[in-house]
Amino acid sequence: MIDLLALCAFNAAYAHAIDSDALEQWPDFFTEDCHYRITHVENEREGLPSGIVYADSRAMLEDRIAALREANIYERQRYRHLLGIPLVEQASADGAEARTPFLVARIMATGQTEVFATGVYRDRFVRQDGRLRLQSRVAVCDSTVTDTLLALPL
């Protein structure tokens, strides 16, 4: 059975990979045929599939990180994730569905720190090769206003 402690440990490792700038590790948290999307609460309420960021494979996530490292030009920044306890909606030996609240602070090169995003992860986990992976993560942001400097994954 996939339990609450396993989900908490997974989310802590996920946030650590992003917050410590180990972005090349980030795609490994997902299955090969994953779904990753960043959207906002109104799109979700209306059932609109569009997102601010959309990927439907681990390869797309790897491309996103390669672009961040090699092609995109953006102001240097880093994130600090604060995650709530997952609300497990369904769990079995092979999978789980959960919702986890998040708050992401963005720290700019100048030292300025601000709340960048709040919302909830809507996740579908699977056990694959003996470890948990995300089959789907939809980051539903509370605000409908998106900063144009959304470079790093949430």
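Below you will find a few notes about this structure. Residue positions are counted from 1 within each chain, in the order its sequence is given. For this predicted model, a pLDDT threshold of at least 70 governs which residues receive local features, and a threshold of 80 or more governs which side-chain atom pairs are given and counted, while totals over whole chains, interfaces and linings are taken from all residues. Only hydrogens and water are removed before side-chain values are computed, so all heavy atoms of the structure are retained for them.

**Concerning the overall build of the chain**
The secondary structure listing takes helices from DSSP runs of H or I that are at least 4 residues long and strands from runs of E that are at least 2 residues long, numbered from the N terminus. Assigned secondary structure in the chain consists of three helices and seven strands. When the elements of the chain are put in sequence order from the N terminus, they spell out α-β-α-β-α-β-β-β-β-β. C-alpha atoms define the radius of gyration in this analysis, and the globule rule sets the expected value at 2.2 Å times the number of residues to the power 0.38. Here the C-alpha radius of gyration of the chain, 15 Å, is about what a compact globule of 154 residues would show, namely 15 Å. The dimensions of the chain, computed from C-alpha atoms along their principal axes, are 45 × 30 × 25 Å. Expressed as a percentage of its 154 residues, the buried residues of the chain come to 43%. The accessible surface values rely on the Shrake-Rupley method and a 1.4 Å probe; as for residues, cover is taken only from the protein chains in view. Taken as a whole, the chain presents about 8100 Å² of accessible surface, with 51% of it coming from carbon and sulfur. Burial classification: accessible surface area is computed with a 1.4 Å probe over protein chains only, and a residue below 20% of its type maximum counts as buried, one above 50% as exposed, and the rest as partly exposed.

**Focus on the nonpolar core**
By size, the foremost hydrophobic cluster in this structure holds 35 residues, and its most contacted members are Tyr 14, Phe 30, Tyr 36 and Leu 154. Elements with a minimum of two residues in this core: helix 1 (4-19), strand 1 (30-40), strand 2 (53-55), helix 3 (58-70), strand 5 (95-108), strand 6 (113-128) and strand 7 (131-141). It is helix 1 that contributes the most residues to this core, five residues altogether. We define the nonpolar core as a collection of buried residues of types Ala, Val, Leu, Ile, Met, Phe, Trp, Tyr and Cys that are connected through side-chain atoms lying within 4.5 Å of one another.

**Description of the packing of aromatic side chains**
Only Phe, Tyr and Trp rings are paired, with Trp represented by its six-membered ring, and only when their centres lie within 6.5 Å; those with planes under 30 degrees apart are stacked, over 60 edge-to-face, the remainder tilted. Counted under the stated rule, the structure contains ten aromatic pairs. An angle of 75° between the planes, with centres 5.6 Å apart, marks the rings of Tyr 14 and Phe 29 as edge-to-face. Residue Tyr 14 is located in helix 1, and its partner Phe 29 is located in the loop between helix 1 and strand 1; the two are separated by 15 residues in the primary sequence. Given the relative accessible area of 0%, Tyr 14 is considered buried. Where Phe 30 meets Tyr 36, the ring centres are 5.7 Å apart and the plane angle is 80°; that geometry is what we call edge-to-face. Residues Phe 30 and Tyr 36 agree in their burial class; the two are buried.

**Notes on the pattern of salt bridges**
The salt bridge criterion pairs a side-chain nitrogen of Lys or Arg with a carboxyl oxygen of Asp or Glu, the two atoms within 4 Å. Per the counting criterion, the structure on display carries nine salt bridges. Between Glu 89 and Arg 99 there is a salt bridge, and its shortest N-O distance comes to 2.6 Å. In this pair, Glu 89 sits in strand 4 (residues 87-91) while Arg 99 sits in strand 5, placing the two residues ten residues apart along the sequence. When salt bridges that share partners are traced, they join Asp 21, Glu 24 and Arg 69 into one network.

**Quick notes on the pairing of strand 6**
Pairing of strand 5 with strand 6, which is carried by 13 bridges, proceeds in the antiparallel orientation. Note that in strand 6 the partner of Arg 99 across the bridge is Arg 122. Strands were regarded as paired on the criterion that DSSP finds at least two bridges between them. Taking the residues between adjacent antiparallel strands as the criterion, strand 5 and strand 6 are bridged by four residues, where Gly 111 takes a positive phi near 100°. Note: strand 6 against strand 7, ten bridges, orientation antiparallel. Looking at strand 7, one finds that Arg 127 is bridged to Leu 132. Once strand 6 ends, the chain turns through two residues before running back antiparallel as strand 7, passing Asp 129 with a positive phi of about 55°.

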